Amino acid sequence: MSTLTSYEAVHDTDGTDDHGVGRISADPTSRHHPPSGKDSRAAVLSVFGLGYVGCVSAACFAARGHKVIGVDVNPSKTRFLREGKAPVIEERIGELTAGVVASGMLDVDDDARRAVLHSDITIVCVGTPSGSGGGLSTVHLQSASEEIGAALRDKDDWHVVVYRSTMVPGTCEDLLIPILERASGKRVGVDFGVCVNPEFLREGSSVRDFMTPPKTVVGETDERSGAMVMDLYEGLSGKRFRVPLRVAEMTKYVDNSFHALKVAFGNEIGTICARLGLDSHAVMEIFFADTKLNISDAYLRPGFAFGGSCLPKDVRALMHTARQNDLEIPVIANIMVSNEAQIRRVIDMIVATGKRRVGLYGLSFKSGTDDLRESPLVELVERLVGKGFDIRVHDANVSLSSIVGANRDYITQHLPHIGELLTSSVSDVMDHGDVIVVASADPEVVEMVDAAPADTLVIDLVRLPGAELRRLGDNYHGIGW
């Protein structure tokens, strides 16, 4: 529903004080943070759901100078807030809540309709617990959306509904916006706006995380609504992103899944180290020191499978060591399983085209090298040849006459007829293939792909320049985008 085709990143700002806690005071009248848009007044917010996320968000927004109206179906939570008490136990939330309630910046209302009518932005923070089978329960989101939509039917001013609850991609567009439109009799993007604003708060340090966020993400149906919501965070730290709704919904799941993966990985390393008599914390301190490859964005961008003479060999060796010591390490044990699945995924994509002539750019396991050992591309070609596909391959760094040693032994074992497949001509591959698999982003390859006939099917494993536009075409397929 969003018209955005690429991400909008806003320059970093730093809103922390010397203690890294953020510019915040228990007395919200001591500092005022109006939005930076044309309307300089602070927005009036209604917050639906006063659990951990809702309570912290309401108190922190109030402390930043916004009038906040809290709404919750649980009368115990609203009673606590009326008394200036936080309904949750959290670092600093008690004193913060007492201050904003005493000043009148945070109030509660048992009438959801009235809260919407008297606010500019409604922030939905209701729970989304697991349903049967692990699926997401959206019952609270649906109920809140019905109430908000009914109130919007009687409101003439522009209003923005912001979903801060965690929900799987597509929930907002496919389920919640239709509810809002049906209940209000109005149209999103025309009569009201909708945004998705995932939270990245940790229980125990939520106030600190709110005021010093690592990033702020706003998914938007329209620019006006996105700007209004982003203005709420003016002056806080971290990069800011305005993106399509589904991208915003997905970000929380990526974060939490990776955090869970990190915990499981660390525990498995600890299990192996303990059995081998090693101090796992000493080992991991060395691991943390590498911020170029280990604690960084290296290797995290989606693409094709890994290979080479190190990663596969060392993962297998670590798995073997664990087996010898009767240790269960399911995360590490499934790394190679996941890698194998990525190779099969590409084969399935090629088979699904129904075409038999395939051109491949790239063969070595890594761009800029001629190392073919355990290259997933060699494995790909080997399997396609076995399935009867007619293949031509070009890799500027791979020449049959110059392959020697273990590298030559490997390719002789896996592709004994490689001489019949390799060509030194970039154009030969393009002329040969009805399907072009791109595993190289060399300039000559990019140029050749750009000049390809319109009916040429392209399967991109490296994310070619301009992939965000290429993916809009029918004959382009990215491996993970």
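In the block above lies the structure referred to throughout.
Along each chain, residue indices are assigned from 1 in the same order as the chain's sequence is written. A pLDDT threshold of at least 70 governs which residues receive local features in this predicted model, and a stricter bar of 80 or more applies before side-chain atom pairs are shown or counted, although totals over entire chains, interfaces and linings include all residues. By convention in this description, side-chain values take in all heavy atoms of the structure and omit both hydrogens and water.

K.L.:
Before we go on, may I ask you to explain the overall build of the chain in this structure?
P.N.:
Scanning the chain from terminus to terminus reveals 19 helices and 14 strands. In terms of overall dimensions, the chain has C-alpha extents of about 80 × 60 × 45 Å along its principal axes. Here, two residues are considered to be in contact whenever any of their heavy atoms come within 4.5 Å of each other. Once local pairs closer than 6 in sequence are excluded, the contacts in the chain between residues at least 24 apart make up 71%. Of the accessible surface of the chain, which amounts to about 23,400 Å², a share of 52% is contributed by carbon and sulfur atoms. The way it works is that DSSP assigns letters per residue, a run of H or I at least four long becomes a helix, a run of E at least two long becomes a strand, and they are numbered from the N terminus. Here the accessible surface of atoms and residues is derived via Shrake-Rupley with a 1.4 Å probe, and residues count as covered only by protein chains that are part of the display.

K.L.:
How do you make sense of the pattern of salt bridges when you look at a structure like this?
P.N.:
Any two side chains of opposite charge can pair if their charged atoms end up close together. Each salt bridge in this description consists of a side-chain nitrogen of Lys or Arg and a carboxyl oxygen of Asp or Glu lying within 4 Å of one another. Enumeration over the complete set of coordinates arrives at 24 salt bridges. One salt bridge in this structure joins Glu220 and Arg242, with 2.8 Å as the shortest N-O distance. You can see Glu220 sitting in strand 8 (residues 215-220) and its partner Arg242 sitting in strand 9 (residues 239-243), a full 22 residues away along the chain. Exposure classes here rest on a 1.4 Å probe applied to the protein chains alone. A residue is buried below 20% of its type maximum, exposed above 50%, and partly exposed in between. Here Glu220 falls in the buried class, since its relative accessible area comes to 2%. On the accessibility criterion, Arg242 (10% relative accessible area) is buried. Salt bridges linked by common partners bring Glu340, Arg344, Glu379 and Arg383 together as one network.

K.L.:
I'm lost on the pairing of strand 13 (residues 457-460) in this one. Help?
P.N.:
Along a regular strand, successive side chains alternate from one face of the sheet to the other. Of the two faces of strand 13, the one carrying Leu457 and Ile459 and the one carrying Val458 and Asp460 are both buried. In this description, strands pair whenever DSSP reports at least two bridges between them. Pairing analysis gives four bridges linking strand 12 (residues 435-438) to strand 13, with the strands arranged parallel. The residue of strand 13 that forms the bridge with Val437 is Ile459. Bridge count for strand 13 against strand 14 (residues 476-478) is three bridges, and the pairing is parallel. Paired with Asp460 across the two strands is Gly478, which belongs to strand 14.

K.L.:
I keep staring at the environment of Arg240 and nothing clicks. Help me out?
P.N.:
The topology assignment puts Arg240 in strand 9. Its relative accessible area of 7% is what places Arg240 among the buried residues. Arg240 sits 26 residues away from Pro214 along the chain, and the two C-alpha atoms are 9.1 Å apart.

K.L.:
Is there a simple way to think about helix 6 (residues 171-184) in this case?
P.N.:
Structural remark: α-helix, 3.6 residues per turn; residues separated by three or four positions point the same way. In a helix, the anticipated span is given by 1.5 Å times the number of residues less one. For helix 6, spanning 14 residues, the distance from its first C-alpha to its last is 18 Å, which sits close to the expected 20 Å at 1.5 Å a residue. Maximal helix bending in helix 6 amounts to about 30°, located at Ile177; proline Pro178 follows within four positions. Packing partners of the buried residues in helix 6 comprise helix 5 (139-152), strand 6 (160-163), strand 7 (193-196) and helix 9 (245-275). Taken from the residues just after helix 6, Gly185 is the one with a positive phi, measuring 70°. One axis is fitted to the seven residues ending at the residue and one to the seven starting there. The bend at that residue is the angle between these axes.

K.L.:
Even after reading the chapter, I still don't get the sheet that holds strand 14, so can you show me in this structure?
P.N.:
Sheets are built from strands that pair by backbone hydrogen bonding, the pairs being arranged parallel or antiparallel. A sheet is described by the order of its strands in space; here five strands give the open sequence 11-10-12-13-14, paired in parallel fashion. With partners counted over all chains shown, the strands left at the sheet margins are strand 11 (390-394) and strand 14, one partner each. When strand polarity is set aside, the average angle formed by the axes of neighbouring strands in this sheet is 20°. For helices, the fitted axis covers only the stretch in contact; all axes are lines through C-alpha atoms, and the angles between them, taken along N-to-C directions, range from 0 to 180 degrees.

K.L.:
Explain empty space enclosed by the protein to me, please; I cannot follow it from the model alone.
P.N.:
Lining residues are those with an atom within 4 Å of a point, where the points come from a 1 Å grid over the protein atoms alone and group into cavities, where a 1.4 Å probe fits but cannot get out, or pockets, open sets with protein on both sides within 12 Å along at least five of seven lines. Grid points are joined across faces, edges and corners, and a volume is the space filled by probe spheres set on the points. If you walk through the whole model with that rule in mind, you get two cavities of 30 Å³ or more. Of the volumes computed, that of the largest cavity is approximately 110 Å³. Along the walls of the largest cavity sit 14 residues, with Arg164, Phe200, Pro213, Lys215 and Tyr233 positioned nearest its centre. Broken down by secondary-structure element, the contributors of at least two residues to the lining of the largest cavity are helix 7 (206-211) and strand 8.

K.L.:
Help me understand the pairing of strand 8 in this model?
P.N.:
Counting buried positions along strand 8 gives five out of six residues, so the element sits mostly inside the fold. As paired elements, strand 7 and strand 8 share two bridges and run antiparallel to each other. By the bridge assignment for strand 8, Val196 is matched with Gly219. Two strands pair when backbone bridges link them, and strand 8 and strand 9 are joined in this way by five bridges, in the parallel orientation. Among the inter-strand pairings, Gly219 is bridged to a residue of strand 9, identified as Val243. Classification remark: right-handed applies to a crossover when, strands pointing away from the viewer, the course from the first strand over the helix to the second runs clockwise. Each parallel crossover has a hand, and for strand 8 linked through helix 8 (residues 223-231) to strand 9 it is right-handed.

K.L.:
What's the story with unusual backbone geometry in this structure? I'm lost.
P.N.:
Outside of glycine, negative phi angles account for most residues, and trans bonds account for most peptide bonds. A positive phi angle, close to 75°, is found at Arg92, a residue other than glycine. Residue classification places Arg92 among the partly exposed positions, given a relative accessible area of 27%.

K.L.:
I keep staring at the environment of Ile69 and nothing clicks. Help me out?
P.N.:
If you trace the backbone, Ile69 turns up in strand 3 (residues 67-71). Ile69 sits in the buried class, given a relative accessible area of 11%. Separated by 233 residues in sequence, Ile69 and Pro302 place their C-alpha atoms 42 Å apart. When sequence neighbours within four positions are dropped, the list of residues in contact with Ile69 reads Val44, Leu45, Ser46, Val47, Asp107, Val108, Asp109, Ala115 and His118.

K.L.:
Where do I start with the packing of aromatic side chains in this structure?
P.N.:
Two aromatic rings, taken as a pair, are described by how far apart their centres are and by the angle between their planes. Any two of the Phe, Tyr and Trp rings considered here, Trp counted by its six-membered ring, make a pair once their centres fall within 6.5 Å; the pair's planes then place it as stacked at under 30 degrees, edge-to-face at over 60, or tilted in between. Under the criterion given, the structure shown has five aromatic pairs. Residues Phe61 and Tyr233 carry aromatic rings whose centres are separated by 5.5 Å and whose planes lie at 65° to one another, so their mutual orientation is edge-to-face. Of this pair, Phe61 sits in helix 1 (residues 52-63) while Tyr233 is found in the loop between helix 8 and strand 9, placing the two residues 172 residues apart along the sequence. Per residue, the accessibility class of Phe61 equals that of Tyr233, and both read buried. Their ring planes at 45° and their centres at 6.4 Å tell us that Phe265 and Phe287 sit as a pair that is tilted. In this pair, Phe265 is assigned in helix 9 and Phe287 in helix 10 (residues 280-289), connecting sequence segments 22 residues apart. By way of ring pairs, the aromatic residues Phe61, Phe210 and Tyr233 are connected into one cluster.

By themselves, these figures tell us nothing about what the structure is for.
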